[in-house]
Each structure stands twice: as structure tokens, then as C-alpha cells.
Amino acid sequence: MSINSDQSTAAAFAQSWNNLPAGSIYTYEQFIDWLAPLTKDDVQGKKVLELGCGNASLLMHMADWEPILLAGVDLGDSVETARQNMSALPFKNWQIIKADLVNFTSDCFDIVYCIGVLHHLQEPERGFSAVISNVKPGGRFHVWVYAREGNGLIIYLVDPLRKIVSRCLPWWLIKYGLATPLAVPFFGYAKILYWLPRWKLLRRLPLYNYSRWIAKREFVFFRHVAFDQLITPQTTYLSRQTIESWLKNNQRVKQDSIYIIKRNGNSWKFGGRIKN
């Protein structure tokens, strides 16, 4: 694996996370959506780990589910913002650790989740293996990644631009000079789709389900998403076949516990349990 590649990706995302207002960028509704089928009942009283925690936007919501211990790991300088955000909560039994998640080892947790991170690693499967290796026997894991299916518009139009600008432009120019104007037409497109009737013909449009989902958010969040798409040096869009292979080939995964769920037509949630 290229450590420098994952380090540069973490540094790029830290620029994004550390230039956001204090608190979570995500709504509680988004948090529940990303974590489902996990619920508060699964988390309450358990030791929980997030790999790739950014500025703790998800950890802050996870704290409301009352784990006995909540830990977050990130390779970038966003850990400083994460600590500030977590310090503002009444929940105090948390840890923020600066480390490479691919090589991170622990005494193991009841639940390990990783949201929107594996597809930005140089070797995503090694990241998945790290998720599994940090779950205790009988514990649960949950992952969300970009799908190859349903992202043709992004793969063929946005991703080529990302490969250029992420390597040669400063973060502030990408955010305000590119992500902001690019977010404007998508903001309008999503809002129009949200307010129109759900005609079958419209459902064939690019990113239809995703657009209706994100349309509930304000323009600043659209810009945040566009910036995230452009700032990272590394993105891999993962097929269902790839995910199935990971799950099947990992000897610790309990095969009859596996789930793979397509989310908003352009991403995958998947998880399961570890063998006892």
C-alpha cells in the first residue's frame, strides 16, 4: 500500500473537515439512514468504534445512542476538530485516536462502522479487513461506500476533473472556485426533482433517488458534497460483486448474517456479524 497516498487523502479531507462550523455537518435523520439497520438498541451499552471519523460528525450523533465507550480513528489533522466537537457533548466516555485505520489494532469492539471512507483508500479491501479485525467475536460491523452502479455521471464527468484539481489546486480554490459553482446547477436539479411528482419517466434521470434524498438539505451541504468529491486524490467506485467477494472471502464473517443494501441508487451499505 502507498502510505503517502492515504496520508495525502487524509490531509485533503482534513482541509474540508477543519473548515466547517462547529458541530455535525449531518442531520440526525442522515445518521440514522447511514447506520440502518443498526439502531440505538444495538448500540446502547456497547463499545463502538468508527474508522475514519473526520470531524466526529457521526460520532456526535452516535453518542446519543448511549454506548459505554465510543472511539474514533482518523489519519488526518481533523482529529483536532473531532476532539473539540466531542468535548462539547455531555457524553464523556470517548476517545479520538490519530492513526492509519488500515493498520489500526485494538482490543476489539462490539460494533465497528466505517462510513464513506473505504472508497478513498489506496487499497479499499485492506480497509475492510481492518474493520473486521477490530470487531470482537460475535460483534457487528457496518460499512457504507460509493457504488459503481448508478454513478455513471460522476465517474465519467466529475471524477476526471477530480484527478486533475486534487493534485494541483489549493483547497480554498477547489471549494470556492469549483465546488461552489458546480453545486449550483445540482442544487436546482435536486430541488426540482424533489417537488415534482414521482413519475416513472423521471425515475430514469441520473442520480434520481440520490437527488431526492439530498434535496432536503441546504445549499451549504451541496457544496460540502461537491468539495468532498473534488478534494480527494483517491476515489474508487465499488461494485456489488466486489463487496460480495470481500464478504465471502473473509473467514471471520458469519455468512448467514450478511446484508448488502443499495442506498439512494448510487451507494452500498453492507455488514453483518463476526463468528464467535
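Residues numbered from 1 in each chain as written. Predicted model: local features only at pLDDT ≥ 70, side-chain atom pairs only at ≥ 80, totals over all residues. Heavy atoms only, no water.

Enquirer: Even after reading the chapter, I still don't get the sheet that holds strand E3 (residues 94-98), so can you show me in this structure?
Expert: Whether parallel or antiparallel, the strands of a sheet pair through hydrogen bonds between backbone atoms. One open sheet holds the seven strands; their spatial order is E3-E2-E1-E4-E5-E7-E6, and the pairing between them is mixed. Both outer strands of the open sheet, E3 and strand E6 (259-263), are each paired with one neighbouring strand and no more. Recorded for the sheet is a direction-independent mean angle of 15 degrees between the axes of neighbouring strands. Relative to strand E4 (residues 109-115), strand E1 (residues 47-51) is paired through three bridges, and the arrangement is parallel. Considered in E4, the bridge of Leu49 is made with Val112. Those strands touched by helix H6 (residues 124-133) are E1, E4, strand E5 (135-146) and strand E7 (267-273), and its axis lies near 150 degrees from that of E5. Relative to E7, helix H11 (residues 240-249) is tilted by about 15 degrees, and along the sheet it contacts E5, E6 and E7. (Pairing = 2+ DSSP bridges. Helix = DSSP H or I, 4+ residues; strand = E, 2+ residues; numbered from the N terminus. Axes fitted to C-alpha atoms, helices over the stretch in contact; angles between N-to-C directions. Contact = heavy atoms within 4.5 Å.)

Enquirer: Looking at this structure, how should I read the pairing of E6?
Expert: Sheet faces and side chains relate simply in a regular strand, where the side chains alternate between the two faces. The pairing of E6 with E7 spans five bridges and is classified as antiparallel. By the bridge assignment, Ile260 is partnered in E7 with Phe270. Counting the residues between successive antiparallel strands, the hairpin from E6 to E7 contains three residues, one of them, Asn264, with a positive phi of roughly 55 degrees.

Enquirer: Explain H6 here, please?
Expert: Three or four residues apart is the spacing at which side chains of an α-helix point the same way, because the helix has 3.6 residues per turn. Within H6 the residues assigned to the buried category are Pro124, Gly127, Phe128, Ala130, Val131 and Ile132. Against the buried residues of H6 lie E1, E4, E5, H11 and E7. (Buried < 20%, exposed > 50% of the residue type's maximum accessible area, 1.4 Å probe, protein only.)

Enquirer: Any chance you could explain the pattern of salt bridges here in plain terms?
Expert: Side-chain pairs of opposite charge can arise whenever the charged atoms involved come near each other. Overall, the coordinates contain eleven salt bridges when judged by the stated rule. Of the charged contacts, one joins Arg263 and Asp33 as a salt bridge, the two residues approaching to 3.1 Å between their closest N and O atoms. In this pair, Arg263 sits in strand E6 while Asp33 sits in helix H2 (residues 28-35), placing the two residues 230 residues apart along the sequence. We note a salt bridge from Arg162 to Asp159, for which the minimum N-O separation is 2.6 Å. (Salt bridge = Lys/Arg side-chain N within 4 Å of Asp/Glu carboxyl O.)

Enquirer: I keep staring at the side chain of Asn55 and nothing clicks. Help me out?
Expert: Along the chain, Asn55 turns up in the loop between E1 and helix H4 (57-62). If we skip the residues at most four places from it in the chain, Asn55 touches Trp17, Leu20, Gly23, Met60, Ser78, Thr81, Ala82 and Asn85.

Enquirer: When you look at unusual backbone geometry in this model, what are you seeing that I'm missing?
Expert: It is generally the case that most residues other than glycine have a negative phi and that most peptide bonds are trans. Cis geometry is adopted by the peptide bond preceding Pro37, which originates at Ala36 and carries an omega value of 20 degrees. Mapped onto the elements, Pro37 comes out in the loop between H2 and helix H3 (40-43). A positive phi angle is found at Cys108, which is not glycine, with a value near 85 degrees. Given the relative accessible area of 18%, Cys108 is considered buried. Its identity as a non-glycine residue notwithstanding, Leu207 has a phi of 55 degrees, on the positive side. Within the element layout of this structure, Leu207 appears in the loop between helix H8 (171-195) and helix H9 (208-214).

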